Amino acid sequence: MQPFAELLDRLVLTPSRNGKLKLLTDYFNTAPDPDRGWGLAAITRDLDIRNVKPAMLRALVAERVDEILFAYSYDYVGDLAETISLIWPAAVEAGNENEPLRLGRIVERLRVASRADGPALVAALLDQLDISGRYALLKLLTGGLRIGVSSRLAKQALAEFGGKDIAEIEELWHGLTPPYEPLFAWLEGSSEKPEKLLAAPFRPVMLANPVQDGELERRNPKDYAAEWKWDGIRVQATSERGV
């Protein structure tokens, strides 16, 4: 959990796009599976932990902190996850340093936890983490990271990590699910491209391009299918040979 918490902290404090790309690629290089995949899913907003909601977190912190104090603190800080991470009472006994909390293990436990078991599990995790770790955990649960990283930027970091074109990442993305282990295996060169996971490959929308002088003479009409656009003044021609 600590590497992911450090990543979030540094992303928030890094304004440049290239700096964020470097932080993300470094994280993908150093974090093991499935931790890096779950971290990626949180960043791209593809992680959904259904049985943990903000209302439950509010009720949980009300059991540990005076409600009026929490209300004043929340009003001052303005962010639920940050407020809880700062105001949560530190546990008397810290977690076992020889067995650090792994992000993958945390996510797996939270995903299978029932609505009844969720509060006790989250409270136990908050007790074992420091302020930075608590903040990362709560952002993981609520989904509002606010670290200045779009889904597109995360995919660009994946492309740079694996030395691939981002278009290849985009084509595969909708057929993949967290923690993306086949994707990382392909990017590291230890496995083939996970194309078999796709029911149909994604193709981005093609922009219209004007026909230049002399181009039509070089084309065979039998190779194309044409359709009028909605405004009635443009024609879209699609090659059946992919040209």
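The following paragraphs examine the structure supplied in this document.

Rules used in this analysis
- Residues numbered from 1 in each chain as written.
- Predicted model: local features only at pLDDT ≥ 70, side-chain atom pairs only at ≥ 80, totals over all residues.
- Heavy atoms only, no water.
- Helix = DSSP H or I, 4+ residues; strand = E, 2+ residues; numbered from the N terminus.
- Buried < 20%, exposed > 50% of the residue type's maximum accessible area, 1.4 Å probe, protein only.
- Contact = heavy atoms within 4.5 Å.
- Areas by Shrake-Rupley, 256 points an atom, 1.4 Å probe, with all protein chains shown as cover.
- Axes fitted to C-alpha atoms, helices over the stretch in contact; angles between N-to-C directions.
- Parallel < 35°, antiparallel > 145°, perpendicular 65-115°, else oblique.
- Nonpolar A, V, L, I, M, F, W, Y, C, P; charged D, E, K, R; others polar.
- Left-handed = near helix turned anticlockwise from the far one by under 90°.
- Phe/Tyr/Trp six-rings, centres within 6.5 Å; stacked < 30°, edge-to-face > 60°.
- Salt bridge = Lys/Arg side-chain N within 4 Å of Asp/Glu carboxyl O.

Within the chain, the secondary structure is distributed over twelve helices and two strands. Counting from the amino terminus, helix and strand elements in the chain follow one another as α-α-α-α-α-α-α-α-α-α-α-α-β-β. Put simply, the chain has 243 residues, and 40% of those count as buried. Looking at the chain alone, contacts between residues at least 24 apart form 62% of all its contacts between residues at least 6 apart. Of the roughly 14800 Å² that the chain leaves accessible, carbon and sulfur atoms contribute 51%.

Look at the link from Asp 33 to Pro 34: it is a cis peptide, with omega at -5°. Position of Pro 34 relative to the elements: it lies in the loop between α2 (17–30) and α3 (35–43). Of the consecutive residues Pro 178 and Pro 179, the connecting peptide bond is found in the cis state with omega at 10°. With respect to the helices and strands, the residue Pro 179 is situated in the loop between α11 (166–173) and α12 (181–187).

In the contact formed by helix α1 (residues 2–12) and helix α9 (residues 131–142), the axes pass within 9 Å of each other and the chain directions differ by 85°. It follows from the interaxial angle that α1 and α9 lie roughly perpendicular. Contacts between α1 and α9 involve Gln 2, Phe 4, Ala 5, Leu 8 and Asp 9 from the former and Ser 132, Gly 133, Tyr 135, Ala 136 and Leu 140 from the latter. The residue makeup of the contact of α1 with α9, split by class, is six nonpolar, three polar and one charged.

Attention now moves to the packing of helix α4 (residues 54–62) against helix α6 (residues 80–87). Two elements in contact, α4 and α6, have axes separated by 11 Å at closest approach and are oriented at 25°. Looking at the two axes, α4 sits roughly parallel to α6. When the axes of α4 and α6 are compared, the crossing they make is left-handed. Listed contacts from α6 to Pro 54, Leu 57, Arg 58 and Val 61 of α4 are Leu 80, Ile 84 and Ile 87. Each residue belonging to the contact of α4 with α6 can be placed in one class, and the counts come to six nonpolar, no polar and one charged.

This paragraph deals with the packing of aromatic side chains. Within the structure shown, the criterion is met by seven aromatic pairs. Taken together, a centroid distance of 6.1 Å and an interplanar angle of 65° make the contact between Phe 161 and Phe 184 edge-to-face. Here Phe 161, found in helix α10 (residues 151–162), pairs with Phe 184, found in helix α12; they are 23 residues apart in sequence, far enough to count as distant. A relative accessible area of 14% places Phe 161 in the buried class. Ring centres of Trp 173 and Tyr 180 lie 4.9 Å apart, and the angle between their planes is 25°; this geometry places the pair in the stacked category. Following the ring pairs from residue to residue traces out a cluster consisting of Phe 4, Tyr 27, Phe 28, Phe 161 and Phe 184.

Applying the stated criterion across every chain, the model contains eleven salt bridges. For the salt bridge of Arg 146 with Asp 79, the shortest nitrogen-to-oxygen distance reads 3.6 Å. Of this pair, Arg 146 sits in the loop between α9 and α10 while Asp 79 sits in the loop between α5 (67–77) and α6, and the two are 67 residues apart along the sequence. Each of Asp 33, Arg 36 and Glu 188 takes part in a single network of salt bridges with overlapping partners.

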